Amino acid sequence: MDLRLPSKVLEHIFSFVDSNEDRNSVSLVCKSWFETERLTRKRVFVRNCYAVTPAAVARRFPEMRSLTLKGKPHFADYNLVPDGWGGYAWPWIEAMAEKSPALEELRLKRMVVTDECLEKIAASFKEFKALVLTSCEGFSTDGLAAIAVACRNLRELELRECIVEDLGGDWLSYFPETLTSLVSLDFSCLDSEVKLSDLELLVSRSPNLKSLKLNRDVSLDALGSLLRLAPQLVELGTGSFSDKLDQEAVSKLSQAFTELKELKSLSGLWDVLPEYIPLLYSVCPGLTSLNLSYATVQMPDLVELLSRCSNLQKLWVMDLIEDKGLEAVASSCKELRELRVFPSGADVDETNVALTEQGLVSVSEACPNLESVLYFCAQFTNEALVTIARNRPNLKCVRLCVMEPFAPDHKTQQPLDEGFKAIVEGCKGLQRLSVSGLLTDKAFEYIGTHGKKLRMLSIAFAGDSDLMLHHLLSGCESLNKLEIRDCPFGDTALLENAAKLETMRSLWMSSCGVSFGACKLLSQKMPKLNVEVIDEHPLKTRPDSSPVEKIYIYRTLAGPRLDMPEFVWTIHKNPEIGVSNLAIE
Amino acid sequence: MELDLDLSLSPHTNSSKFGFCFDLNKHCATEGMLVEVVHYEKTKQTRFESMFWLDNMEEDCYVPKPCSFSLNGQPDEEDEDPLESDSTIVDDEEEDGEVVGWPPIKSCMTKYHNYRHSRNHPYHHHGRRINIPNPTATIIGLRPSSSSTSSPRSSMYVKVKMDGVAIARKVDIKLFNSYESLTNFLITMFTQYQNCDREDTSYKFTFQGKEGDWLLLGDVPWKIFAESVHRISIIRDCPCAYTRLLF
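Keep in mind it's a predicted model, so treat the numbers as computed, not measured. (Residues numbered from 1 in each chain as written. Chains lettered and ligands numbered in written order. Predicted model: local features only at pLDDT ≥ 70, side-chain atom pairs only at ≥ 80, totals over all residues. Heavy atoms only, no water.)

A word on the overall build of chain B. For chain B, the helix and strand inventory stands at 5 helices and 8 strands. Along chain B, helices (α) and strands (β) appear in the sequence β-β-β-α-α-α-β-β-α-β-β-α-β when read from the amino end. Excluding contacts between residues fewer than 6 apart, the proportion of contacts in chain B whose partners are at least 24 apart in sequence is 58%. (Helix = DSSP H or I, 4+ residues; strand = E, 2+ residues; numbered from the N terminus. Contact = heavy atoms within 4.5 Å.)

Within chain A one finds 20 helices and 23 strands. The C-alpha radius of gyration computed for chain A amounts to 25 Å, which stays within 12% of the reference 25 Å derived for 585 residues, consistent with globular compactness. A principal-axis box enclosing the C-alpha atoms of chain A has dimensions of 80 × 65 × 60 Å. Split into buried and exposed, the 585 residues of chain A put 62% on the buried side. Here the analysis covers contacts within chain A between residues at least 6 apart in sequence; of these, 70% occur between residues at least 24 apart. Summed over its atoms, the accessible surface of chain A is roughly 22,400 Å², and 50% of this surface lies on carbon and sulfur atoms. Here chain A contributes 65 positively and 81 negatively charged side chains, and the mean placements of these two sets differ by 8 Å. (Rg over C-alpha atoms; globule rule 2.2 N^0.38 Å. Buried < 20%, exposed > 50% of the residue type's maximum accessible area, 1.4 Å probe, protein only. Areas by Shrake-Rupley, 256 points an atom, 1.4 Å probe, with all protein chains shown as cover. Lys, Arg positive; Asp, Glu negative; His and termini not counted. Charge placed at Lys NZ, Arg CZ, Asp CG, Glu CD.)

The next thing to look at is the confidence of the model for chain A. Looking at chain A as a whole, its pLDDT mean stands at 93, while 97% of the residues score no less than 70. Within the model, the stretch residues 579–585 of chain A combines pLDDT values under 50 with 17 contacts to residues more than four positions away or in other chains. (pLDDT = per-residue confidence, 0-100.)

Residue and element names in this part refer to chain A. Along the polypeptide, Leu479 turns up in the loop between α17 (466–475) and β19 (481–485). In this structure Leu479 comes out as buried when scored by relative accessible area, which is 1%. Each C-alpha atom, one on Leu479 and one on Ser506, is 9.5 Å from the other, the two residues being 27 residues apart in sequence.

The next point concerns the pattern of salt bridges. Residue and element names in this part refer to chain A. In this structure the tally under the stated criterion is 28 salt bridges over all chains. Across the pair Glu105 and Arg43 runs a salt bridge, and its minimum N-O distance is 3.1 Å. Taken together, the residues Glu105 in strand β3 (residues 105–109) and Arg43 in strand β1 (residues 43–46) connect sequence positions 62 residues apart. Residue classification places Glu105 among the buried positions, given a relative accessible area of 12%. Two residues, Arg561 and Glu532, come together in a salt bridge whose shortest N-O distance is 2.7 Å. Here Arg561, found in the loop between β22 (550–555) and β23 (568–569), pairs with Glu532, found in strand β21 (residues 529–534); they are 29 residues apart in sequence, far enough to count as distant. For Arg561, a relative accessible area of 6% translates into the label buried. Here Glu532 falls in the buried class, since its relative accessible area comes to 0%. It is possible to trace a salt-bridge network through shared partners that takes in Arg43, Glu105, Arg107 and Glu156. (Salt bridge = Lys/Arg side-chain N within 4 Å of Asp/Glu carboxyl O.)

With that settled, consider the environment of Val229 of chain B. Residues and elements named next belong to chain B. Among the structural elements, Val229 can be located in the loop between α5 (222–228) and β8 (231–236). The exposure class of Val229 is buried, given its relative accessible area of 2%. Considered as a pair, Val229 and Pro103 are 126 residues apart in the sequence and their alpha carbons are 30 Å apart. Once residues lying within four places of it in the same chain are set aside, the contact partners of Val229 are Met156, Val158, Ile173, Phe207 and Gln208.

All names here are of chain A. On the surface, Leu5, Val9 and Ile13 cluster together to form a nonpolar patch covering roughly 220 Å² of accessible area. On the secondary structure map, Ile13 appears in helix α1 (residues 7–14). Take Ile13: its relative accessible area is 40%, and that puts it in the partly exposed class. (Patch = residues over 30% accessible without salt bridge, like charges linked within 9 Å, V, L, I, M, F, W, Y side chains within 5 Å.)

With that settled, the discussion passes to the packing of helix α15 (residues 417–426) of chain A against helix α16 (residues 441–450) of chain A. All names here are of chain A. Taken N-terminus to C-terminus, the directions of α15 and α16 make an angle of 5°; their axes are 9 Å apart at the nearest point. Taken together, α15 and α16 sit at an angle that is classed as roughly parallel. From α15, Asp417, Glu418, Lys421, Val424 and Glu425 reach across to α16, where they touch Lys442, Ala443, Tyr446, Ile447 and His450. Here the contact of α15 with α16 is built from residues that sort into 4 nonpolar, 1 polar and 5 charged. (Axes fitted to C-alpha atoms, helices over the stretch in contact; angles between N-to-C directions. Parallel < 35°, antiparallel > 145°, perpendicular 65-115°, else oblique. Nonpolar A, V, L, I, M, F, W, Y, C, P; charged D, E, K, R; others polar.)

The next point concerns the state of the cysteines. All names here are of chain A. Counting across every chain of the model gives 0 disulfides over all chains. Looking at the unpaired Cys397, the closest cysteine sulfur is the one in Cys427, lying at 11 Å. Among the cysteines around Cys519, which has no disulfide bond, Cys512 carries the closest sulfur, lying 11 Å off. In this structure Cys519 comes out as buried when scored by relative accessible area, which is 1%. (Disulfide = S-S within 2.5 Å.)

Residues and elements named next belong to chain A. Among the surface-exposed residues, Glu116, Glu119, Asp142, Glu165 and Asp170 lie close enough to one another that they form a single negatively charged patch. On the secondary structure map, Asp142 appears in helix α7 (residues 141–150). Looking at Asp142, the relative accessible area reads 46%, which means it is partly exposed.

So, on to unusual backbone geometry. Here Trp102 of chain B and Pro103 of chain B are connected by a cis peptide whose omega angle stands at -10°. Here Pro103 of chain B lies in the loop between α2 (82–86) and α3 (107–117). Here Glu322 of chain A, not a glycine, exhibits a phi torsion of approximately 60°, which is positive. Here Glu322 of chain A lies in helix α12 (residues 322–332). In the Ramachandran plot, Phe461 of chain A falls in the positive-phi region, its phi being about 50° despite a non-glycine side chain. Mapping Phe461 of chain A onto the fold places it in the loop between β18 (456–460) and α17.

All right, on to the nonpolar core then. Leu290, Phe380, Leu433, Ile459 and Leu482 of chain A are the most contacted members of the largest nonpolar core, which totals 191 residues. The residues contacting Ile459 of chain A, other than those within four sequence positions of it, are Val435, Phe444, Met468, Leu472, Leu482, Glu483, Ile484, Arg485 and Cys487 of chain A. One finds Leu186, Ile187, Met189 and Trp222 of chain B within the second-largest nonpolar core, a separate group that totals 25 residues. (Core = buried A, V, L, I, M, F, W, Y, C linked by side-chain atoms within 4.5 Å.)

Residue and element names in this part refer to chain A. Counting buried residues along strand β15 (residues 372–377), 6 of its 6 residues qualify, which places the element largely inside the surrounding structure. Both faces of β15 are covered, namely the face carrying Ser372, Leu374 and Phe376 and the face carrying Val373, Tyr375 and Cys377. Summarising the sheet, strand β14 (residues 338–342) and β15 pair through 4 bridges and their orientation is parallel. In the strand pairing of β15, Arg340 is matched with Leu374. By the bridge criterion, 6 bridges tie β15 to strand β16 (residues 397–402) in an arrangement that is parallel. Paired with Ser372 across the two strands is Cys397, which belongs to β16. A crossover links β15 with its parallel partner β16, the connecting element being helix α14 (residues 382–391), and its sense is right-handed. (Pairing = 2+ DSSP bridges. Right-handed = clockwise from strand over helix to strand, strands pointing away.)

Before going further, it helps to examine the packing of α14 of chain A against α15 of chain A. Residues and elements named next belong to chain A. Running from N to C, α14 and α15 point in directions that differ by 5°, and their axes come no closer than 7 Å. One way to sum up the angle between α14 and α15 is to call them roughly parallel. Across from Asn382, Leu385, Val386, Ile388 and Ala389 in α14, the residues of α15 making contact are Asp417, Glu418, Gly419, Phe420, Ala422 and Ile423. Class assignment for the residues of the contact of α14 with α15 results in 7 nonpolar, 2 polar and 2 charged.

Structure below.
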């Protein structure tokens, strides 16, 4: 008796399976499930563009409509990855143009995208609907013009924190008059001014426009007229909020804000003047997301604003909020799920910003849904971390950046080992952790022992020896991404735990003590890994014992990549170099 | 005379004005200097020296001991020369010895903060209004602004490089009132770490002024010096262990 479900039935069942993680699990059950799943998957997510070839992806998922790719390692965000390292979008776009011309959506993160790429997209994908580029670089506004002019059904064009060669604001005028499908437009990272009339025309013919994020050059006046044209906005990123307006203009702007009945997300607010904060009051109660990273107002003004945001779930703010402001957030924003506090650089101005560990403690006490924190602070204490862990065992993401490397608990002068122990022990579902401050190997023993659900870990200026790495690699079962800089371990732990690396997506190590010989050995022993030695200042002769600057190791089915610059060394590129007599124990 | 011991490290590209300082006072027994880590010139074996926790090093390289973090001030790490740990965490070409990528802030944000802290920015001191002509009653919801004007900067840090010493220091010129007090202080500061007898050594002090010319200390009256000095260089005759760093 054939016990297999007919594929039509399977297809129907799988149509309810959305998340890629679930779909990946489904595809492992048996051959027929694998086949049915792959033929029905529409959204493909490749988290490391070098882990698999574009052709293989296109072949496996013929019905792919949406492709998401990530390129450079996360530390590229902080300038640790030299220019030219890689992460090129072109091979993917070229392959998809040929094999998946029905592609509708492309989302790229930390990749190099050129104008040629954009032109190719415009020319090849007739049904193209969405282009979302996050932290990408390599293209100019000309490429944007190509997209604008050709993609007749474009819904989303979002440039999030990209580095764009800005040749002027003309690109916006290339959207044809026939384009009425726009749902989301984000050009907040561009520098030059777009023509207001073009923008107004575009907005007025886009009845489905839900998300609009302007760049700094769009004036406050212009904002008013845009809001009047698009009162249905759900997400708004303003331009600069500091122009001087006369009273009439201000009241018109205020009125425009009150018309935004659907607004849930607000950002931009560059340089917002304190006297304009009240303009935002009308939208506050509806907001679930507020990004004040560029809002240079002081604590009292922030409190006025935030005390009205009772539905806020996501808050990004500068440390100008201070402990007192965070207390206000704690009492007003009970729905808070994500908090990020960034440094304002106040020290440079010789002002004292009263943001300490207490601010985070207050929020952790009062906000029951708090799951994700990113907190920059001058110093911290173990006691605070213990309290936070006790208050909020449901935390999933804790990224603490004590700005001063090696800073101990400022009350006890002890390392922060015990504090992080409390975090990993108490927050059993913790998936992402960034540690800082003074930490010994003990901290990593705790993390290895308790951080069983930990997927991503970021470490800088910490630990004492190879033990730290050993604890992590042998203890953290779910570890997927590990990035470490400036920590004092050598080869031993890495080589001993080599097998672990195949279960992880990637490992980044820079300014640590790993030797060239170990890299060679690892490359030789672990063929499914690409071991890249990134060395911008290589010595003429590289003895095996010499430490390497940066190492990026990732698992791959694609084999060695062919687009490496000269400062990246891999064993495949240099097979003539033998392997030293270091042994993997 | 109180000087703050600060190790000034700031992210590399865009020379971010974050310039966070961590206070070595908490970690080192010594007081009173602004220490700046300077990157070795490329010709030297910089890659090695820049990492201070290495084993298996070539003999002739200066090898700081592994884990020589006297910066953390832990009691069992005595006899650690702070310089050993200082000569580290250096990465790039930047003469100022900045640490790349720390604190970990994305470039779009550092770009914005640089802009804010620059002279061009109308609201130079974030949110506090300066020189606004009549912030007017016509603006709705006008509330008293949150504070005063900022105080003028009262310190003037100048880089001091001693010949043969890899690490430059920064001192606040405003804390001195004469050449003698300055030179005495500098000599004391450097000899503390150099194992050099100060009596045995003759020092020559030169400084670079606004115009870029190098002059001998004392060539100009103190007051003019104090306003125009950009950097100071000390040449001395006593060779010591640290000159090994150069070769």
